[in-house]
Amino acid sequence: MTKLRVHEYAKKVNKSSKEVIEELKKLNINVSNHMSTLTSDAVSQLDTVFNQQGNTAKQNTSSPKQQERQTKPVSNRQDQQKKETRKENKMPEKNNNRSANITQNNQKQTQSKSQSQSQTQSNDRPKNKNQRSFNQDNNQGNKKGGFNQRKKPGIHGGKRRHPKTHQPSQPITPKELPEKITFYESLTVAELAKKLHREPSELIKKLFMLGVMATINQDLDKDAIELICADYGVEVEEEVRVDKTDLEVYFEQEEINEEELVERPPVVTIMGHVDHGKTTLLDSIRNTKVTAGEAGGITQHIGAYQVNIDGKKITFLDTPGHAAFTTMRARGAKITDLAIIVVAADDGVMPQTVEAINHAKAAEVPIIVAVNKMDKPSANPDRVMQELTEHGLVPEDWGGDTIFVPISALKGEGIDTLLEMILLIAEVAELKANPDKNAIGTVIEAQLDKGRGSVATLLVQDGTLRIGDPIVVGHAYGRVRAMVNDMGRRVKEAGPATPVEITGINEVPQAGDRFVVFEDEKTARQVGESRAMTAIQANRSEKQRVTLDNLFEQMSQGDVKELNIIVKADVQGTVEAMVASLMKIDVEGVNVKIIHTGVGAITESDITLAAASNAIVIGFNVRPDVNAKRAAEEEGVDIRLHRIIYKVIEEIESAMKGMLDPEYEEKIIGQAEVRQTIKVSKVGTIAGSYIIEGKVTRDSGVRVIRDGIVVFEGELDSLKRFKDDAKEVAKGYECGITIKNFNDVKEGDIIEAFVMEEIKRT
Ligand SMILES: Nc1nc2c(ncn2[C@@H]2O[C@H](COP(=O)(O)OP(=O)(O)OP(=O)(O)O)[C@@H](O)[C@H]2O)c(=O)[nH]1
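Residues numbered from 1 in each chain as written. Predicted model: local features only at pLDDT ≥ 70, side-chain atom pairs only at ≥ 80, totals over all residues. Heavy atoms only, no water.

Participant: In this structure, what is going on with the packing of aromatic side chains? I would like to understand it.
Facilitator: Aromatic ring pairs are defined here through the distance separating the ring centres and the angle between the ring planes. Applying the stated criterion across every chain, the model contains two aromatic pairs. Between Y305 and F316, the aromatic rings sit 5.7 Å apart at their centres with planes inclined by 35°, giving tilted as the arrangement. Taken together, the positions of Y305 in strand β7 (residues 304-309) and F316 in strand β8 (residues 312-317) put the pair eleven residues apart, joining distant regions of the chain. Judged by its relative accessible area of 0%, F316 falls in the buried class. A ring pair is formed by F712 and F742, whose centres lie 4.4 Å apart and whose planes are at 10°; its orientation type is stacked. Linking F712 in strand β28 (residues 709-721) with F742 in the loop between β31 (734-739) and β32 (750-759), this pair joins segments that are 30 residues apart in sequence. The same class applies to F712 as to F742, namely buried. Stacked on the ring of F754, the Lys or Arg R703 has its end atom at 4.2 Å from the ring centre. (Phe/Tyr/Trp six-rings, centres within 6.5 Å; stacked < 30°, edge-to-face > 60°. Helix = DSSP H or I, 4+ residues; strand = E, 2+ residues; numbered from the N terminus. Buried < 20%, exposed > 50% of the residue type's maximum accessible area, 1.4 Å probe, protein only. Lys NZ or Arg CZ within 6 Å of the ring centre and 35° of its normal.)

The structure is reproduced here in structure tokens:
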């Protein structure tokens, strides 16, 4: 039998690694983290625990929370067997407690219901329970949440069809109990009665016996539903519904029907060092290919364009540079299939070339190298190849697998070969999409146009976008009013990998925002409004980035298996030394991966890359610049600044093992003013001082401040009140202070006292 690691086992039983580790602790089995291997004995003990909880590998389509819910009926049935032996009027304490919960929960439920009414678009639930027809079994929810699904009748708003004291029109004849019922969030007594094929009055009686006074329209929460069902011996399952407002859901294709898929054009980004010819290359491709193919068209800059090579299309993102590329990725959108790194043959590999390569590698996008400016006499392509080899890009001719194409963007030479190579890589990658779906994709750029309102260039990534489509774009929504392609022509539809500029949405979205087409405008509006309202920003800032403080926790939960690091240092030698030491760190369960290194200050581009790759940044003898600082704060990127290599290594190693030393923060506790100085041989200078603020304690650190400048920082040597040692001296009192290794204290100096307080890691 192959040995299982903790996280593998956790996956098998649909628990988080943390939960499994906790169970192991209870079983007195020690493991260090989620990558630890389990002995067969540990596995069988865990099996016993989790089987008792009703988890089986089969149930692994639902979350641990759902699992917990689904397993409830089993224990409830046991409860029920016990209950059957009890006298009805003698409720056990446990149930009384539960009954109390029901009443409380009902109150809460009513409150939260009214709060959540404005947001219920996501769950297809009627605004008022009474709206739901008693005879209508509405429990088959929208489990997949695909945007093709039409909303259910009576979902959004509508009139109240039943008066408050709604009664079933016909009494229900008790039938056989169902084996299982499902519900979403809650059920009214009437709804539950219907599902159980019982009269509501029977349920009300039962609830009464359980100590709950309920009316027919009373909302029953999960606990109450489970309690009643357990009493009938009926299994309960709570439905899970997909949040329609989470646009990412639409990008996670669950079932792909291979037959519906067709080939789609590759989406290409051009990156490289300043002045190496990115813009010239983009222009050159467009001028030679676009206008030739579409006579009469006026090329228009919409952020992306397509070329047609013998019937095969390629889509180029028209914003050169890795900053744009990574910003988009940092926002969660991966749209590029292939990166072209332009390197000027007369200049060779430059810092931004390396950055671009690392950005592409971090995004796991294949790279083609375009060795540009080959027309220049000083061109030295061999040097470029040699230098790139050092960065892991080895030309095919030299036994590697990177395609190098010599070109002259200025003269238009080599462009055909470059395009051929792009198509070749695209063919190997088998890029496919389904044009018959409603469109989904990403915003490439957007702006407010005086005449046309919000204008956005969208890249359709799957499906086909059509005029009139109800659409949600980021937080904006609307209907596609007009579509213009990269040739400035009006089009009616745009298929996969096609860029189009659209109008018709109510706000200007941001580059990198997702868009999704919905079945009807009403849903689009509701989703859009809800997204705007529920502050997607908040979600973004809450995004759990890896920091050294939360690394261990994330590792334990199986969320992190690779610690991505960016290293910036003052000199190349230090960078290399740092990398070498970092690579030696050996902690079970997690690998260190250096995704980028560089010499010089930490820049905004480093932070963007870190954010996109969930990396931490280590600065050695360097500091972040202003923009980098701001970006790091916004994105929650952890920057660690150091001056001693072994400290860096120690810190990272400790973080990986969950053993970071406590962090301390300085707290100023008081200030004393020096009013007189007395020199005493053997003792040194005694500062006769008066406490003007707070207090000074015997164990505080001190700082001597003269004319606003710190002239010394160190420790207190002695603190005396008259002749006696004092533990602390408070504001308004005089004292004598001596400072360790500092005798130069002068009248008028301020002695600032501080202590170091441990701060809780979050
Ligand atoms: N001789 C020669 N010059 C070129 C070639 N490609 C670009 N250049 C020149 O190099 C300079 C920089 O080209 P750009 O296309 O602006 O370079 P870039 O990489 O887009 O530069 P940034 O936008 O500043 O990052 C321009 O003066 C171009 O005319 C080439 O193939 N041969």
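Alright, that's what it looks like, and here's the rest.
Participant: What exactly am I supposed to notice about the pattern of salt bridges here?
Facilitator: Pairing between side chains becomes possible if they bear opposite charge and their charged atoms approach one another. Tallied over the full model, the rule gives 29 salt bridges. Across the pair E752 and R703 runs a salt bridge whose closest N-O atoms are separated by 2.7 Å. Highlighted residues: E752 in strand β32 and R703 in strand β27 (residues 701-706), separated in sequence by 49 residues. Like E752, the residue R703 is buried in the burial classification. Here the residues in one salt-bridge network are R706, D744, K746 and D749, joined through shared partners. (Salt bridge = Lys/Arg side-chain N within 4 Å of Asp/Glu carboxyl O.)

Participant: What exactly am I supposed to notice about the site of the ligand here?
Facilitator: Every one of the 15 residues lining the ligand counts as a neighbour, but K278, T279, T280, D375 and A409 are closest to it. D375 has a polar side-chain atom sitting 2.7 Å from a nitrogen atom of the ligand. For the ligand, an oxygen atom lies 2.9 Å from a polar atom in the backbone of A409. Protein coverage of the free-state accessible area of the ligand, which is 640 Å², stands at 70%. Considering every element that reaches the shell around the ligand, the biggest residue donor is helix α9 (residues 278-293), with three residues. Tallied by class, the residues present in the shell around the ligand amount to three nonpolar, seven polar and five charged. (Near = heavy atom within 4 Å. Polar contact = N/O pair within 3.5 Å; in protein donor to acceptor, adjacent residues only side chain to side chain. Areas by Shrake-Rupley, 256 points an atom, 1.4 Å probe, with all protein chains shown as cover. Nonpolar A, V, L, I, M, F, W, Y, C, P; charged D, E, K, R; others polar.)

Participant: Explain the sheet that holds strand β6 (residues 267-272) to me, please; I cannot follow it from the model alone.
Facilitator: Within a sheet, neighbouring strands are paired by backbone hydrogen bonds and run either parallel or antiparallel to one another. Spatially, β7-β8-β6-β9-β10-β11 is the arrangement adopted by the six strands of the open sheet, whose pairing is mixed. Looking at the sheet topology across the chains shown, the edges are occupied by β7 and β11 (403-406). In this sheet, adjacent strand axes meet at a mean angle of 30° when their direction is disregarded. Relative to strand β10 (residues 367-372), strand β9 (residues 338-344) runs parallel, the two sharing six bridges. What sits directly across from I340, in β10, is I368. This element, helix α13 (residues 415-429), spans β6, β7, β8, β9, β10 and β11 of the sheet and lies at about 100° to β8. (Pairing = 2+ DSSP bridges. Axes fitted to C-alpha atoms, helices over the stretch in contact; angles between N-to-C directions. Contact = heavy atoms within 4.5 Å.)

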